[in-house]
Amino acid sequence: MDQRYATSPEHVPGMDTAELRRRYLVQDLFVPGEVKAVYTHHDRIVLAGISPVGTPLELGSFPEIRSDHFFDHREAGIVNVGGTGTVSVDGTKHELTTGSCLYVGRGAQVVSFEATDIDGDQGAAAFYLISAPAHTAYPTTLVEAGEGTQRELGDPLTSNRRTLNQYIHENGVRSCQVVMGVTRLHPGSMWNTMPAHTHDRRTECYLYFDLPSDARVIHLMGEPTESRHVVVGDREAVISPSWSVHSGVGSASYSFVWAMAGENQSFDDMDGFPITDLR
C-alpha cells in the first residue's frame with residue numbers, strides 16, 4: 001500500500017509540479033486483476049481501486065492498518081465507475097451498475113469483487129473505494145445510480161450545470177465518518193464546485209471519471225490565497241486536505257466521485273471563497 005503523509009499549507013509554496021502530483025494526485029488506481037490502495041494520513045483515509053478481470057478479487061488487509069480484516073476497525077463507500085459488477089459481503093452479493101454505491105460497515109470480514117459484464121459500453125467493472133476508521137457498525141446498504149438525494153446545481157451560463165447525487169450522508173445511508181456521492185456535469189458544462197471552498201473539519205477526495213482520454217481536468221488546490229493546480233486524467237483521484245480548496249474545470253464534460261471523512265457529516269459545513277478572492 002502506498003502511503004501519503006499529511007502536509008500543512010506551509011509546505012505548498014515550496015513544492016514544484018512533480019511534488020504536488022506525488023503528494024496529492026493518485027494515478028494508476030485501476031490495474032486489471034489487481035487491488036491498488038493508497039493510505040493518506042489526512043484523516044487516515046484509504047483510497048482503493050479494484051479491477052476484477054477474469055476472476056474475483058478479495059479485499060484483504062494491509063500491514064499499514066494493523067488488523068486481521070480490512071473492516072475490523074473501518075467502514076467504506078464503494079462506487080462502480082465501470083461496467084456492471086458485484087460486491088459480495090460475507091456471502092451476500094450486491095450488483096452495482098455504473099455509478100451505483102455500496103456502503104460496507106465495520107465488522108465485515110470477507111469482501112470480494114467480480115466483473116459480470118466486461119463486454120458492455122463501460123468495459124469491465126472498476127470499483128472505487130474510500131475508507132475511514134469507524135467506531136460503530138452500520139448495515140451494508142446499496143444505493144442504485146441516481147437513487148440518492150439529488151441536488152441540481154449551477155447554470156449553463158456559467159458552464160457549471162450539474163446533478164449531484166448524495167448517497168452516504170447524514171440524511172441518507174448512515175455511516176460513522178464517510179460521506180460519499182457522485183456528481184455528473186451536463187453537456188456543455190465543465191466547471192465543478194464553484195465557488196471553491198474548504199471545510200477545516202474534513203478531508204475530501206475527488207475521483208474524476210467519464211473523461212475522454214484526450215481531455216483533462218485542471219484541479220485547483222491549496223489555500224485560497226496561495227492556490228496551485230494539478231492536471232488530472234480519467235480515473236485519477238486528488239486528495240484535498242481540510243485546508244485546501246477543491247474545484248476544477250475540464251476540457252470536456254465529466255463526472256466525479258466525491259468522498260469525505262473527518263469531524264462531521266454536514267454536507268453544507270463549508271467555507272466558500274468567491275473566485276474573485278482566489279489568488
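Here, the structure is the one placed above.
An account of the accompanying structure is given in this report.

About the thresholds
- Residues numbered from 1 in each chain as written.
- Predicted model: local features only at pLDDT ≥ 70, side-chain atom pairs only at ≥ 80, totals over all residues.
- Heavy atoms only, no water.
- Helix = DSSP H or I, 4+ residues; strand = E, 2+ residues; numbered from the N terminus.
- Buried < 20%, exposed > 50% of the residue type's maximum accessible area, 1.4 Å probe, protein only.
- Contact = heavy atoms within 4.5 Å.
- Areas by Shrake-Rupley, 256 points an atom, 1.4 Å probe, with all protein chains shown as cover.
- Pairing = 2+ DSSP bridges.
- Phe/Tyr/Trp six-rings, centres within 6.5 Å; stacked < 30°, edge-to-face > 60°.
- Lys NZ or Arg CZ within 6 Å of the ring centre and 35° of its normal.
- Core = buried A, V, L, I, M, F, W, Y, C linked by side-chain atoms within 4.5 Å.
- Axes fitted to C-alpha atoms, helices over the stretch in contact; angles between N-to-C directions.
- Polar contact = N/O pair within 3.5 Å; in protein donor to acceptor, adjacent residues only side chain to side chain.

What follows is about the overall build of the protein. For the protein, the count of helices and strands is one helix and 24 strands. Taken along the three principal axes of its C-alpha coordinates, the protein extends 55 × 40 × 35 Å. Across the 279 residues in the protein, those meeting the buried criterion constitute 52%. Considering only contacts in the protein between residues 6 or more positions apart, those separated by 24 or more positions represent 71%. Accessible surface, the protein: about 11500 Å² in total, of which carbon and sulfur atoms supply 47%.

As a further point, take the sheet that holds strand S8 (residues 92-96). The four strands are arranged S5-S10-S7-S8 in an open sheet whose pairing can be described as antiparallel. Strand pairing shows two members of the sheet lacking a second neighbour, strand S5 (57-58) and S8, which therefore form its edges. Here S5 runs beside strand S10 (residues 111-115); their pairing, made up of two bridges, is antiparallel. Paired with Glu58 across the strands is Ser112, a residue of S10.

Turning our attention to the packing of aromatic side chains. Inspection of every chain in the model, using the stated rule, returns eight aromatic pairs. Look at Phe62 and Phe70: their rings are 6.2 Å apart centre to centre, the planes differ by 80°, and that puts the pair in the edge-to-face class. The buried category is assigned to Phe62, whose relative accessible area is 17%. Three or more aromatic residues joined by ring pairs make a cluster, and in this case those are Tyr206, Tyr208, Tyr254 and Phe256. Here the basic side chain of Arg235 rests over the ring of Phe30, its NZ or CZ set 5.8 Å away from the ring centre.

Membership of the largest hydrophobic core comes to 29 residues, with the highest contact counts inside it found for Leu47, Tyr128, Met180 and Val257. Residue assignment for this core shows that the elements contributing at least two residues are strand S4 (45-50), strand S9 (101-104), strand S11 (127-133), strand S14 (162-168), strand S15 (179-185), strand S18 (202-209), strand S21 (236-240) and strand S23 (255-262). For Tyr128, the contacting residues outside a window of four places in its chain are Leu29, Phe30, Leu47, Ala48, Gly77, Ile78, Val79, Met180, Cys205, Leu207, Ala237 and Val257. The next biggest cluster of nonpolar side chains, apart from the first, holds 25 residues, and it includes Ala76, Phe113, Ala125 and Phe127.

Before going further, it helps to spend a moment on the sheet that holds strand S22 (residues 247-250). The antiparallel open sheet is built from four strands, whose spatial order is S16-S22-S19-S20. Each of the sheet's edge strands pairs with one partner strand only, and the pair in question is strand S16 (191-192) and strand S20 (226-232). With four bridges joining them, strand S19 (residues 217-223) and S22 adopt antiparallel strand pairing. Its bridge partner being in S22, Ile218 is matched across the sheet by Val249. Strands S19 and S20 of the sheet are contacted by helix H1 (residues 17-24), whose axis makes an angle of about 75° with S20.

Where burial is concerned, the two faces of S9 agree: the one with Cys101 and Tyr103 and the one with Leu102 and Val104 are both buried. With four bridges connecting them, strand S6 (residues 74-80) and S9 associate as antiparallel partners. In the sheet register, Gly77 faces S9, and the bridge partner there is Tyr103. The sheet contact formed by S9 and strand S12 (residues 141-143) spans three bridges and is antiparallel. Opposite Tyr103, over in S12, you have Thr141 as the bridge partner.

Along the chain, His246 falls in the loop between S21 and S22. With a relative accessible area of 1%, His246 lands in the buried category. A polar contact is formed between the side chain of His246 and the side chain of Glu204, at a distance of 2.9 Å. Within the structure, the side chain of His246 is placed 3.1 Å from the backbone oxygen of Ser244, a separation counted as a polar contact. Discounting residues that sit within four places of it in the chain, His246 has contacts with Thr193, His197, Thr198, His199, Glu204, Tyr206, His219, Leu220 and Ser240.

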